[in-house]
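Each chain is listed here by its residues.
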Amino acid sequence: MLQIEIDNGSGFCFGVTTAIKKAEEELRNGAPLYCLGDIVHNGMEVERLHEQGLVTVNHQQLQQLHNAKVLLRAHGEPPSTYEIARSNNIEIIDATCPVVLQLQRRIKRQYETSLSSLQSPTSSPQIVIFGKNGHAEVLGLVGQTEGHAVVVENLNDVRKLDFSRDIYLYSQTTKSLDEFHQIIEFIQEHISPSATFRSFDTICRQVANRMPAIAAFARRHDLVLFVSGRKSSNGRVLFNHCLANNPNSHHIEGPGEIDIAWLQGVSTVGICGATSTPKWLMEQCRDYILTRTAP
């Protein structure tokens, strides 16, 4: 008989859970509520909240809004977003994840310290962020430095740094700890003896701890279905970790992408997901399989 296990460690992280709860509370009050960007990188959860009345807007649309209520998702926003809100009499419902908020403050303090000592962004230490260019969280972090932070996605980007200048390295909260350590080692090997290098491990431990857990989960199943939106940065990292530990892993966004042929010769199926994957969606995938394999 086919056995299906949903990973207890998968699903919304604290920051996403808090943002969704805040949205649901506001929507129950009946007043119009806007969200700046998709509240979570999962299309089905976004659609569920849209049906309750949540309206997603982009930054250009935000500038046209006045006298409205806008929720800021867990990813965080740059200072310019708050300035627009003040100018347009927009009430902010701030659901920025506390881990992201703390990181923003650290980067802002470092940038201000660098400016006060050297008075010039071009001669000050390089503030480097290991993250995905264009990602909402990264845009918020770069915004703390008035756009002067350097974003590196991989070792090829790191090679372009100026190793004769001081480097202060931070990380997007949902990046791979292993990749972060590789970047640290590379900079340590190439930094000039006259320059200072400091790294700050700013990866969320709730996310980082999922890596070994999801590896063990993937290894104990014949087939792994990893459920997450393809926009999810965290989802890509975790899925690749699943794949490395179980080649019979498939990245799907929902039950409609499940190919029943994958189940041939399979005794156990593991269903897991990203920090942006709702539990109800993983349960739908389980139920889809059960209804199509029932005798």
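Scroll up for the structure.
Attention in this report is confined to the structure presented alongside it. Positions within a chain are numbered from 1, following the residues in the order the chain's sequence is written. A pLDDT threshold of at least 70 governs which residues receive local features in this predicted model, and a stricter bar of 80 or more applies before side-chain atom pairs are shown or counted, although totals over entire chains, interfaces and linings include all residues. By convention in this description, side-chain values take in all heavy atoms of the structure and omit both hydrogens and water.

Only when DSSP finds a minimum of two bridges between them are two strands counted as paired. Secondary structure is summarised from DSSP: a helix means a run of H or I of at least four residues, a strand means a run of E of at least two, and numbering begins at the N terminus for each. Here 4 strands make up an open sheet; going across it, the order is E7-E6-E8-E9 and the pairing parallel. Looking at which strands have only one partner, the edges of the open sheet turn out to be strand E7 (150–152) and strand E9 (197–199). For this sheet, the mean inter-axis angle between neighbouring strands, taken without regard to orientation, is 25°. Sheet analysis places strand E6 (residues 126–130) next to E7, joined by 3 bridges and oriented parallel. Within E7, the residue paired with Ile129 across the bridge is Val151. Only heavy atoms enter the contact rule, under which two residues are in contact if any of them lie within 4.5 Å. In this description, a line fitted to the C-alpha atoms serves as the axis of each element, helices being fitted only across the stretch in contact, and the angle between N-to-C directions of two axes falls anywhere from 0 to 180 degrees. Those strands touched by helix H8 (residues 177–190) are E6, strand E8 (167–171) and E9, and its axis lies near 175° from that of E8.

The subject of this paragraph is helix H6 (residues 136–143). Think of it in three bands: residues with accessible area under 20% of the maximum for their type are buried, residues over 50% are exposed, and the middle band is partly exposed, with areas taken using a 1.4 Å probe on protein chains only. With respect to burial, H6 is a largely interior element, 7 of its 8 residues being buried. Looking at H6, one finds that the buried residues are Ala136, Glu137, Val138, Gly140, Leu141, Val142 and Gly143.

Attention now moves to the side chain of Ser176. By the secondary structure assignment, Ser176 is in the loop between E8 and H8. We classify Ser176 as buried; its relative accessible area is 6%. Here Asp178 takes part through its backbone nitrogen, which lies 3.3 Å from a polar atom of the side chain of Ser176. Polar contacts here mean pairs of N or O atoms no more than 3.5 Å apart (in protein, one a potential hydrogen donor and the other a potential acceptor; neighbouring residues in sequence count only if both atoms are side-chain atoms). A polar contact of 3.3 Å, which involves the side chain of Ser176, links it to the backbone nitrogen of Glu179. Apart from the residues within four sequence positions on either side, Ser176 is in contact with Phe130, Ile203, Met211 and Val237.

For the rest of this paragraph, the subject is the nonpolar core. Residues enter a nonpolar core if they are buried and are Ala, Val, Leu, Ile, Met, Phe, Trp, Tyr or Cys, with the set joined through side-chain atoms within 4.5 Å. Counting residues in hydrophobic clusters, the biggest one holds 18 residues, and the most contacted among them are Val158, Leu161, Phe163, Ile167, Leu169, Ile187 and Phe197. It is H8 that provides the largest number of residues to this core, a total of 5 residues. Here Val158 is in contact with Val152, Phe163, Ile183, Phe186 and Ile187, once residues within four sequence places are set aside. With 16 residues, the next largest nonpolar core counts Ala23, Leu33, Val46 and Leu54 among its residues.

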